[in-house]
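Chain residues, written in single-letter form:
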Amino acid sequence: MHFFLEIDTMRQHDTLSEEDRVIVCRVCNNIITRPCHKILVSSSFSHVFANPHGHVFEIGCFSGAEGCIPVSGLSSEFTWFAGYSWKIEVCRECDSHIGWIFICDSGNGSGRPMQFHGLILDKLVFP
């Protein structure tokens, strides 16, 4: 009986819709975002950047990230996306640095998102 329950659970997981799947924090398993929130910014989902201290980050762009909270003031220094300022974001549960929220400095008449989350890909676990 236990064997059949395990198979049924696996089948349910395989049939989850994109909206029901979650991406979690690698440190604490808190839900950070969902695959359906992936977006393209500057024609790409993922980007590789170095900060002024030489630390390299590969980030993915998401329209929403309910598991993150901003913990810094807004800055336009060393922005990776022209026309955007940023705030550092951490996991809402464990305070692990998870990425940045980028906020458009002016209106989005060009079709750019008003804001998006640049999340560090190796800090996330994908379904």
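Residues numbered from 1 in each chain as written. Predicted model: local features only at pLDDT ≥ 70, side-chain atom pairs only at ≥ 80, totals over all residues. Heavy atoms only, no water.

A closer look at the packing of aromatic side chains
- In total, this model carries ten aromatic pairs according to the counting rule given.
- Considering the side-chain rings of Phe-49 and Phe-81, the 5.3 Å spacing of their centres and the 75 degrees angle between planes classify their relative orientation as edge-to-face. Of this pair, Phe-49 sits in strand β3 (residues 46-50) while Phe-81 sits in the loop between β5 (68-70) and β6 (84-91), and the two are 32 residues apart along the sequence.
- A relative accessible area of 18% places Phe-49 in the buried class.
- With a centroid separation of 5.1 Å and an interplanar angle of 90 degrees, the aromatic rings of Phe-81 and Phe-116 are classed as edge-to-face. Remark: Phe-116 occurs in strand β8 (residues 115-120) and Phe-81 occurs in the loop between β5 and β6; sequence separation between them is 35 residues.
- Connected via pairs of aromatic rings, a cluster forms that spans Phe-49, Phe-57, Trp-80, Phe-81, Tyr-84, Trp-100, Phe-102 and Phe-116.
- Seen from the ring of Phe-45, Lys-38 lies directly overhead, with NZ or CZ sitting 5.1 Å from the centre. (Phe/Tyr/Trp six-rings, centres within 6.5 Å; stacked < 30°, edge-to-face > 60°. Helix = DSSP H or I, 4+ residues; strand = E, 2+ residues; numbered from the N terminus. Buried < 20%, exposed > 50% of the residue type's maximum accessible area, 1.4 Å probe, protein only. Lys NZ or Arg CZ within 6 Å of the ring centre and 35° of its normal.)

Section: the nonpolar core
- Counting residues in hydrophobic clusters, the biggest one holds 14 residues, and the most contacted among them are Ile-59, Trp-80, Phe-81, Trp-100, Phe-102 and Phe-116.
- Mapped by element, the contributors of at least two residues to this core are β4 (56-62), β6, β7 (97-104) and β8.
- Excluding anything up to four places from it in sequence, Trp-80 contacts Phe-49, Ala-50, Asn-51, Phe-57, Ile-59, Trp-100 and Phe-102.
- Within the second largest apolar cluster, twelve residues are counted, among which are Ile-23, Cys-25, Phe-45 and Cys-91. (Core = buried A, V, L, I, M, F, W, Y, C linked by side-chain atoms within 4.5 Å. Contact = heavy atoms within 4.5 Å.)

Here's the deal with the side chain of Ser-75
- With respect to the secondary-structure elements, Ser-75 resides in the loop between β5 and β6.
- By relative accessible area, which is 17% here, Ser-75 ends up buried.
- Within the local environment of Ser-75, its side chain forms a polar contact with the backbone nitrogen of Glu-77, the two atoms lying 3.1 Å apart.
- With residues near it in sequence (within four places) discarded, Ser-75 still touches Ser-85 and Trp-86. (Polar contact = N/O pair within 3.5 Å; in protein donor to acceptor, adjacent residues only side chain to side chain.)

A look at the environment of Ile-103
- Inspection of the secondary structure puts Ile-103 in strand β7.
- When the C-alpha atoms of Ile-103 and Pro-113 are compared, they prove to be 8.4 Å apart, with ten residues separating the residues in sequence.
- When sequence neighbours within four positions are dropped, the list of residues in contact with Ile-103 reads Leu-74, Gly-83, Tyr-84, Ser-85, Lys-87, Met-114 and Gln-115.

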